[in-house]
Amino acid sequence: MKLADLVTPALVVDAAGLEHNLAVMAKALPGTRLRPHVKATKCTALARRQAALGHRGFCCATVREMEGMAAAGLGEDLLLANETLDARRLGRLDARVTVAVDSPETIEAAAAGGVREVLIDVNVGLPRCGCAPEAAGPLADRARRRGLTVRGVMGYEGHAMPIAERAKRREVVEAAMERLAAAHAAVGGEVVSAGGTGSFDLNTLASEIQAGSYSLMDTAYARLDLPFRPAFWVWSTVLSLGSGWAVCDAGLKSLGMDHGNPAIDGARVWFCSDEHVTFSGDPEAPGGPLRPRIGERVRVWPAHVDPTVAYHERLHLVDGEAVVDSWPIDLRGW
Ligand SMILES: Cc1ncc(COP(=O)(O)O)c(C=O)c1O
């Protein structure tokens, strides 16, 4: 099959770009130094490539992802890097299962669900999950009293990821990791799980980095000084021409928009609606403005990997104009 034959909008991955990104990361963080986060790509075929490169432990964000990874035979060391109040399906998995906990309630849910190992999730500055650093030791004691093994701590410094300036990003990562180090001293255990694509080479505390987006990249991460290449886009057909603008058939239902508008080479994106992106040729584009014609295909570069991928049923791997494989996004849903 050729790229031109795909029904649009379609999620397309440049096979060479993906392999480049996987190889660069595997060199920087070999083996268990990286615990890839599968929530970014929700695809066991892609996770299998990461495992083949030596990363055999994974992070998941949902129980469904944990189940899918175990069923795919990728359950050597799965971390639900997220809180759950219903761990019953996790206790039954044929996999090594560790769950993040940040409260007496999540500890109770893990124990009641038959989970045996936990990490104490610590809030390191992102107003999301995680206990206060000073609560980590008492929570670890409570988990141990409940019969759970506490493997260590987790603390995701997501507030540092979008900071474009490297020195500033490093500062924020370091401040976050001071909080995690204090918690770790009180909790103990071998594991300090933290980090993401934006801090993969700045976080010096973590024993393992939880990066996910690095494999495909998006325009938000492309603004940073990272060695990974944008390797995926939404392939879209120009449907209509207005007076001074063009419309293609991607839109809110095929693009994660929380990090802003997508990009189109040689064009300015005006706005996205349910089934459409409205754009015009950019007179200041380095290669000159795009002059779209009806029926022409364009690459729409998403601003955020995770929600974009979650909208699609498959990703199509391409080598130039040839579609060389098609992988199901099989970890979707809950
Ligand atoms: C708990 C957790 N760890 C790590 C990450 C890093 O992911 P990425 O590398 O895609 O930024 C995320 C992203 O949101 C996350 O929620």
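Residues numbered from 1 in each chain as written. Predicted model: local features only at pLDDT ≥ 70, side-chain atom pairs only at ≥ 80, totals over all residues. Heavy atoms only, no water.

Visitor: So what exactly am I meant to see when it comes to the sheet that holds strand β6 (residues 149-155) here?
Guide: Backbone hydrogen bonds are what pair the strands of a sheet, in a parallel or an antiparallel way. Strand order in the open sheet formed by seven strands is β2-β3-β4-β5-β6-β7-β8, and the pairing between neighbours is parallel. The open sheet has two edge strands with one neighbour each: β2 (57-60) and β8 (208-209). This element, helix α3 (residues 63-71), spans β2, β3 (77-80) and β4 (97-101) of the sheet and lies at about 170° to β3. Against the sheet, helix α6 (residues 133-145) touches β5 (117-121) and β6, its axis set at about 165° to β5. (Pairing = 2+ DSSP bridges. Helix = DSSP H or I, 4+ residues; strand = E, 2+ residues; numbered from the N terminus. Contact = heavy atoms within 4.5 Å. Axes fitted to C-alpha atoms, helices over the stretch in contact; angles between N-to-C directions.)

Visitor: Would you explain the packing of α6 against helix α7 (residues 166-187) in this entry?
Guide: Helix-helix packing: each pair is described by the crossing angle between the helix axes and the interaxial distance. Running from amino to carboxyl end, α6 crosses α7 at an angle of 30°, the nearest separation of the two axes being 8 Å. Relative to α7, α6 is oriented roughly parallel. Note that α6 runs across α7; the crossing there is right-handed. Facing Pro 133, Ala 136, Gly 137, Ala 140 and Arg 144 of α6, the residues of α7 in contact are Arg 179, Ala 183, Ala 186 and Val 187. For the contact of α6 with α7, the residue count by class is six nonpolar, one polar and two charged. (Parallel < 35°, antiparallel > 145°, perpendicular 65-115°, else oblique. Left-handed = near helix turned anticlockwise from the far one by under 90°. Nonpolar A, V, L, I, M, F, W, Y, C, P; charged D, E, K, R; others polar.)

Visitor: What is the right way to look at the pairing of strand β9 (residues 232-241) in this model?
Guide: If a strand is regular, its side chains alternate between the two faces of the sheet. Judged by how many residues are buried, β9 sits mostly within the fold: seven of 10 residues are covered. The pairing of strand β1 (residues 10-14) with β9 spans four bridges and is antiparallel. Its bridge partner lying in β9, Val 12 is registered against Trp 233. Looking at chain direction, β9 and strand β14 (residues 297-301) are connected through four bridges and run antiparallel. The residue bridging Trp 235 from the neighbouring strand is Arg 299, located in β14. Relative to strand β10 (residues 246-248), β9 runs antiparallel, the two sharing three bridges. Bridging across to β10, Ser 240 finds its partner in Val 247. Two successive antiparallel strands, β9 and β10, enclose a turn made up of four residues, where Gly 244 displays a positive phi of approximately 105°. (Buried < 20%, exposed > 50% of the residue type's maximum accessible area, 1.4 Å probe, protein only.)

Visitor: Explain the side chain of Lys 42 to me, please; I cannot follow it from the model alone.
Guide: Following the sequence through the fold, Lys 42 ends up in the loop between α1 (15-28) and α2 (44-52). Owing to a relative accessible area of 11%, Lys 42 belongs among the buried residues under this scheme. Lys 42 has contacts with Glu 65, Ala 310, Ile 329, Asp 330, Leu 331 and Arg 332, leaving out every residue within four places of it along the chain.

Everything listed here is a matter of coordinates, which is why it stays silent on function.
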